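Analysis of the macromolecular model
Chain residues, written in single-letter form:
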Amino acid sequence: MFKIEKLTEGDTTVLRLVGRINTQQLEELRKLIADAEPKVKLNLSEVTLVDVDVIRFLGNQERRGVQLSNCSRYVREWIQREQTTN
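**Looking at the overall build of the protein chain**
Scanning the protein chain for helices and strands turns up 3 helices and 4 strands. Ordered by position from N to C terminus, the α and β elements of the protein chain give β-β-α-β-α-β-α. At 12 Å, the protein chain has a C-alpha radius of gyration in line with the 12 Å of a compact globule built from 86 residues. Judged by the C-alpha coordinates and their principal axes, the protein chain covers about 35 × 25 × 20 Å. By residue count, 40% of the 86 residues in the protein chain fall in the buried class. Intrachain contacts of the protein chain at a sequence separation of at least 6 include 65% that bridge at least 24 residues. As displayed, the protein chain offers around 5300 Å² of accessible surface, 46% of which is attributable to carbon and sulfur atoms. The average position of the 14 basic charges and that of the 13 acidic charges among the side chains of the protein chain differ by 2 Å.

See below:
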């Protein structure tokens, strides 16, 4: 199961991601981020499972200025490993 909750914190749009994220959800997430720019935060506190495409996507979004909050240690470390190998 995967769902996205859209919230507002001041002038920042927060997308709270819940559940398992895989490649099939990335296009929807791209659109939501594009609609919410310029200030976007992805709250990852309820993310339970991701795949390598999601890790690469999150790393790319972070480099573009999207804030990743409440990111689990394993996701953060995986993003860092992917960035050093590419």
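**Notes on the pattern of salt bridges**
Pairing of side chains with opposite charge becomes possible as their charged atoms draw close. In this structure the tally under the stated criterion is 10 salt bridges. Linking Arg-16 and Glu-5 is a salt bridge whose minimum nitrogen-to-oxygen distance equals 2.5 Å. Of the two residues, Arg-16 sits in strand β2 (residues 12-20) while Glu-5 sits in strand β1 (residues 2-9), which places them 11 residues apart along the sequence. Residue class for Arg-16 comes out partly exposed when judged on its relative accessible area of 21%. Each of the salt bridges in this network shares a partner with another, and the network as a whole consists of Lys-3, Glu-5, Arg-16 and Glu-46.

**Things to note about the pairing of β1**
The pairing of β1 with β2 spans 8 bridges and is antiparallel. Looking across to β2, one finds that Ile-4 is bridged to Leu-17. Hairpin connection of β1 to β2: 2 residues between the antiparallel strands, including Gly-10 at a positive phi of 65°.

**Some details on the pairing of strand β3 (residues 40-49)**
As a general feature of sheets, a regular strand has side chains that alternate between the two faces. The pairing of β2 with β3 spans 7 bridges and is parallel. Directly across from Gly-19, in β3, lies its bridge partner Val-47. Of the crossover connections in this fold, the one passing from β2 over helix α1 (residues 26-36) to the parallel β3 is right-handed. Examined bridge by bridge, β3 and strand β4 (residues 67-69) share 3 bridges and lie parallel to one another. Bridging across to β4, Leu-42 finds its partner in Leu-68. Traced from β3 through helix α2 (residues 52-63) to β4, the parallel crossover comes out right-handed.

Cut-off values and rules
Residues numbered from 1 in each chain as written. Predicted model: local features only at pLDDT ≥ 70, side-chain atom pairs only at ≥ 80, totals over all residues. Heavy atoms only, no water. Helix = DSSP H or I, 4+ residues; strand = E, 2+ residues; numbered from the N terminus. Rg over C-alpha atoms; globule rule 2.2 N^0.38 Å. Buried < 20%, exposed > 50% of the residue type's maximum accessible area, 1.4 Å probe, protein only. Contact = heavy atoms within 4.5 Å. Areas by Shrake-Rupley, 256 points an atom, 1.4 Å probe, with all protein chains shown as cover. Lys, Arg positive; Asp, Glu negative; His and termini not counted. Charge placed at Lys NZ, Arg CZ, Asp CG, Glu CD. Salt bridge = Lys/Arg side-chain N within 4 Å of Asp/Glu carboxyl O. Pairing = 2+ DSSP bridges. Right-handed = clockwise from strand over helix to strand, strands pointing away.

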